[in-house]
Amino acid sequence: MADHTPPLESGQLLSPELPILASPPAPPMVNGEGPQQISTKEPCGGFWSCHSKVILVQVNPGEAFTIRREDGQFQYITGPAQVPMMSPNGSVPPIYVPPGYISQIIEENGVRRVLVLPQQPEFHPGGHSPLHHPPPPPHAHLPAFIPHPAMMPPPPHLYTSMAGGVGDMSTQYISQYHPAHIYSEQVSADSHSQHGRPAFVNRDDRTSKTYERLQKKLKDRQGGSSGGGGQVKDSPPLSPQKKCGSPTTLDVRNGVGSKGSEAEQTGHVVDKQGRGKNGEARELDTAAQALQALLSTINKPVVSDIQARAVEASWSRPKTEDDSILTGTLSYEVSISYSGKEGKYKSMYCGEELSATLENLRPATDYHIRVQAMCNCLQGSPSEAVSFTTLSCEPEPPNAPRKASGTKNSLVLQWKAPCDNGSKVHNYILQWDEGRGTGVFEQCYYGPQKQYRVTKLSPASRYSFRLAAKNDMGVSEFSESVELFTSGSVPSPPFPPELEMAGITWLCLKWHRPSSSPKEDDVCYILEMEEEGSGYGFQPSYDGDQLNCMVRNLHRSTKYKFRVAAYNSEGKSNPSPVVEFITNPDRPSCPSRPIIKGKVLPNSFKLAWDPPKENGGADVTKYVVEMSEGLSGLSWELVYSGPAMEHVCDGLKPGCSYQMRVYCISEGGQSPLSETLQVQTPAVPPGPCQSPRLVGKPKAREVQLRWATPQVDGGSPVSCYIVELSGPQSEESREVYQGPDLDCSVGGLLPGRTYGFRLKAGNKAGFGPLSERYDVTTGPGAPEQCKAPSIVCKSPSCVVVSWEAPPCNGAPVTEFRLEWGAAEGSMQVCYSGAAVSHEMKGLLPANNYFCRVQALNVAGVGPFSEVVLCQTPCSVPAAICNISVMKESELIRFGDPEKNEEEGVRVPPLYSPSTCLGICWDPPCDHGSEITSYLIDLGERQPVLVGPVTKHVIQHLQPDTSYRMRIQAQNSLGTGPFSQTFKVKTKPLPPQPPRLECAAFSHHTLRLKWGDGPAKAAASDPLQYHLQTEDKSGRFISLYEGTCHTHKVQRLNESTSYAFRIQALNEAGSGPFSAVYTFTTLRSPPASLKAPKVERVDDSSCEVSWEALLPMKGDPIVYTLQFMMGNTDFKQAYKGPGTCFTVQHLHPNSDYRFRVCAIRQCQDAPELSGPYSPTVTLAVQRGGDAAPSASSSSSRVAASSTSGQAGRSLTDEQCAFLLLMVFAIIAILIAFVIQYFVIK
């Protein structure tokens, strides 16, 4: 392969959002001016037969690559980028190049690259090169691709399909470089072939001159054939192309392409006559054909100095009279085949020498060798193959012997025969080191056998063995030595493991070798571990021969149990005693960022923090708080160290900034520092102010005040003032103004009152102390707010409201107003006068009312008093309304809803609508006292007293009777009024059950009948019947429900008693069930038998046999055989349990008919006879007139049906075959009818 620099540097990998095509994409298009590159990587080891490949399309900076996705949309990708594409069938998609561009495929290091390069501006279609070198490609900063000289043909003009043999790949490519500048210094000098020989890159002077002379001749011939115009044809001269059935990948060795790659090397196609597209370069094609014919005249090689693994081959140069034909250096390729003359050949040498030594051959092997000459990218035909056979030699080194079996004192070794290299192996040499381990081997066996037993060995010892083979040619090299061990004893339990070092997630353990195990014995160890609380028990964590182990991936600060066991080839010892080790805790994480707890004071503040989220498996022992003054954070001072999670920092400067941080310490170490908290201490508030002064005359409810700034502002300008107001006889004060102004108006005061005012100033640090008190008296005004009135209840419907006169504010009260209402927002004036009490009548019991009062004088109307809630006393309940009668379904559910739904079993209702009445009503108003009971009045009957319910069922009433009813409610205060009277009526009684009878019965059915009526159901019949039977568990299940008077019960067992009961239903409801009736089925007679079989014994007797039946429920079965001679009556010939009988004294020339029936002999009942079988006819003839048959002991037996027709009896197999044939004929006829009448 050519090791050239690729024409494009690797760009950055494309963004992962770009799709990787999972199916063969549409042919991509390349846009732009720079060269593009497509790399096909082989994920399966470099073979092109893989089913899928990854294709990397390299896009240059400033270029664009266009692909069409599966949904038909086009996607544009700009460079620099690498676009990965997946080809499922292993093919490279076709690359469509824009005008002015060409594509070329090269293979480098197992990667195929499709290069898209701009054409040279001075491209000459005629195939000759200009006298000057063409300018560089448009992208001069990119390294140009220089193809190998041996691969470079004259510039073609046709696009040819890729000869790579990869799927359905149809990528077309041509070369855009000219022969004039192929052999430049840009070709890599370290390009080598597979055999390590340098590629033919540099040319000598003679070759260069010859090439220039050929180019000049070609130019002259093209100029002469162009006519007077001198126009150069656009068809370049084409070289011959060898046809190959299965083209292979381009493989360049020593500058010469292998077979099947001429299409890629030449880059153009010629026709069968060797002409180009327009037939202008016939003379050049003739010269090429002559050169190829000359190369094909090479003689077969000469083989000499044949060795076992090497041979010397030489050949001669092709003979020619005109040396001018050979315009280049001759090179040769030698290939050999070991699979016959027509087998596959492998290249062994490529070079210019006329002889070569072929090495690495197989001994005693037949080879065929041939040579092929090459010149100027043309290959001649291979020479005639020459056969030779390599010599025999000593055998190959055998494999090491293996241990077949062994004991404590012996080992049985076996081995396989190695390759004999043409001479049979006669003996084997087995050597051993006698268990010394010094590397000195002694022979212990010499002979032709392939196994050997070594005895008298020591138990549990190591022995080394090696093997060599010997034939007539010599002794092979020894195999690799193998170490084998004799059997020993199971090692003793080792001591428990010891802890060397402990970490956070690991423990380093060590243990000692069992003292009883010899040093030569290979002892391995299994370390088992159990995590505390895991519940999995001991699990193996190490298995090996080391005496220490580091157990990783453990949990921090966790207890683990360990034990170790030793084992060798003889078995495993008991585990050691269990020891416990604990992993170290981890250092905790940093505490949370400290926060301020409480208020920051000018000289102190309280700092608090949360514990770390992760304590590392150990409790935190102490916290350390550091403080830094200022915002620089250069120096930090330790202010606290202890287990608490809060600290008071005192002795601070007011108005100063501080930075705080904290870290914690545990057994696992010191945590990282927490986040820093910045704290600003407040400034000092200002000093006291002078008292405020009154401005103008005071009003009744408003005064105007003014003040001056304080003398001391506390280091910060005053930004706010607060005026506080206090009463004349109270020290409690309230804030009436806050703002930056020096005056304010205070409203909401009471007339004729004396108020005290105090002032304080504030800045950003806070407010200073209050000033001295300044008293101000307001003018007269309306009365004050009255106190809440008092209410006294005289009865549930009458109350007395009274109140007190409020302060008059300098003017006497002249009138009071009382507002009353059922809702707080809808009160109305119900009294106006000078009295201080009023009586309210006509109220509702147990109801809420609201009231308030206000006073008036000459100055105005005073405010209302607080609203007072009044609740009238409780009373007897109100009258009941909305009384209704319960429906029948509600009455049934009210009785016992669970039993009526239990497993679908019909249960009689607890309350019958004929003797019960269910009523329900809405509860009346209880007037503040809970209703305790209801009294139901039924007129003449005794009143019924029920609890606080809204439903009740009255029982023991007369059917079909009307009643007048009324209800009243009762509570703890008494009985309320009766409700309105309403009428109710009970329903008539349900019907009684009919008598149940058994009309007909058999051994498996019972026909039951009840009542007087038709058997079938009538639509107008008001009565319905419900029939039930008792199952095996003693429960009654439903059999029939309808208006019929009969029912047939089927699928019953023979001689079995069944229990039944019935009930009647109508509009009044379901009647009671009848008494239980028991009926018993009959016994079942035996089944009918098949026709008996009759066989002649002699002329006067025959044997009749029939099938046997099984006993029926313990009752035995006997059989009755009857026969009839001629037209007489049937007579009994046999009765008994047998299944055959011999009939004697038969009359000749008479017809006998036989039949048989089964009889069931019941133990406590008479016998039951089954139906008779079909009759069988026997024709008895004289011995001399009997028809001949194959057996002398049998006669012709004719079987007939019960109708008496004579015929031949058929066996079971014949009857089955006959039925099968009839069904087949019917099926064929049906298919014919469907085909003819339906389908056609």
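Values in this document were obtained by computation on a predicted structure and should not be read as measured data.

Q: Explain the overall build of the protein chain here, please?
A: Within the protein chain, the secondary structure is distributed over 6 helices and 85 strands. Residue pairs at least 24 apart in sequence account for 65% of intrachain contacts in the protein chain once pairs closer than 6 positions are excluded. Accessible area for the protein chain stands at about 67,600 Å²; split by element, carbon and sulfur atoms hold 51% of it.

Q: I tried to follow the sheet that holds strand β54 (residues 798-802) on my own but got confused; where do I start?
A: Strand-to-strand pairing in sheets goes through backbone hydrogen bonds, with the strands running parallel or antiparallel. Spatially, 3 strands are ordered β53-β54-β57 in an open sheet, and the strand pairing comes out antiparallel. Only two strands of the sheet have a single partner each, and these edge strands are β53 (790-795) and β57 (837-841). Recorded for the sheet is a direction-independent mean angle of 20° between the axes of neighbouring strands. Pairing geometry for β53 and β54, over 5 bridges, is antiparallel. Directly across from V792, in β54, lies its bridge partner V800.

Q: Any chance you could explain the pairing of strand β46 (residues 702-706) here in plain terms?
A: Along any regular strand the residues' side chains alternate between the sheet's two faces. Burial of β46 is one-sided: the residues V703 and L705 facing one way are buried, the residues E702, Q704 and R706 facing the other way are not. Pairing between strand β45 (residues 693-694) and β46: 2 bridges, direction antiparallel. Bridge pairing in β46 links R693 to R706. Pairing between β46 and strand β49 (residues 743-747): 5 bridges, direction antiparallel. Paired with L705 across the strands is C744, a residue of β49.

Q: What is the right way to read the sheet that holds strand β62 (residues 917-921) from this model?
A: Across the sheet, which stays open at both edges, the 3 strands sit in the order β61-β62-β65 with antiparallel pairing between neighbours. Each of the sheet's edge strands pairs with one partner strand only, and the pair in question is β61 (883-885) and β65 (951-954). Geometrically, the sheet is characterised by an average inter-axis angle of 25° between neighbouring strands, direction not taken into account.

Q: In this structure, what is going on with the packing of aromatic side chains? I would like to understand it.
A: Any aromatic ring pair is given by two values, namely how distant the centres are and how the planes are angled relative to each other. Tallied over the full model, the rule gives 29 aromatic pairs. Ring plane angle 65° and centroid distance 5.2 Å describe the contact between W921 and Y934, whose orientation is recorded as edge-to-face. Taken together, the positions of W921 in strand β62 and Y934 in strand β63 (residues 931-937) put the pair 13 residues apart, joining distant regions of the chain. Through pairs of rings, three or more aromatic residues link up here, namely W415, Y428, Y445 and Y452.

Q: Would you mind going over the environment of C1162 with me for this structure?
A: On the secondary structure map, C1162 appears in the loop between β82 (1150-1160) and β83 (1168-1169). Remark: the alpha-carbon pair of C1162 and M1112, spanning 50 residues in sequence, is separated by 9.3 Å. Beyond its immediate stretch of four places on either side in the chain, C1162 contacts R1083, D1115 and L1168.

Q: Just checking my understanding: could you explain the nonpolar core for this structure?
A: Burial of nonpolar side chains together is a common tendency in soluble globular proteins. With 24 residues, the main nonpolar core has W315, L358 and I369 as its most contacted residues. For this core, the secondary-structure elements that each account for two or more residues are α3 (282-295), β14 (311-314), β15 (331-337), β16 (346-351), β17 (355-358), β18 (366-375) and β20 (386-389). Looking at this core element by element, the count peaks at 5 residues for β18. Other than its neighbours up to four places away in sequence, L358 contacts R309, A310, V311, V334, I336, M348, Y349 and I369.

Q: Sorry if this is basic, but what is going on with the confidence of the model for the protein chain here?
A: Should pLDDT be low for a region, the predicted coordinates there are not to be read in detail. Mean pLDDT over the protein chain stands at 77; residues scoring 70 or higher make up 74%. pLDDT under 50 marks residues 899-906. Its contacts with residues more than four places away, or in other chains, come to 11 contacts. Across residues 1184-1208, confidence stays below pLDDT 50; counting only partners more than four residues off in sequence or on other chains, it has 34 contacts.

Cut-offs and rules
- Residues numbered from 1 in each chain as written.
- Predicted model: local features only at pLDDT ≥ 70, side-chain atom pairs only at ≥ 80, totals over all residues.
- Heavy atoms only, no water.
- Helix = DSSP H or I, 4+ residues; strand = E, 2+ residues; numbered from the N terminus.
- Contact = heavy atoms within 4.5 Å.
- Areas by Shrake-Rupley, 256 points an atom, 1.4 Å probe, with all protein chains shown as cover.
- Pairing = 2+ DSSP bridges.
- Axes fitted to C-alpha atoms, helices over the stretch in contact; angles between N-to-C directions.
- Buried < 20%, exposed > 50% of the residue type's maximum accessible area, 1.4 Å probe, protein only.
- Phe/Tyr/Trp six-rings, centres within 6.5 Å; stacked < 30°, edge-to-face > 60°.
- Core = buried A, V, L, I, M, F, W, Y, C linked by side-chain atoms within 4.5 Å.
- pLDDT = per-residue confidence, 0-100.

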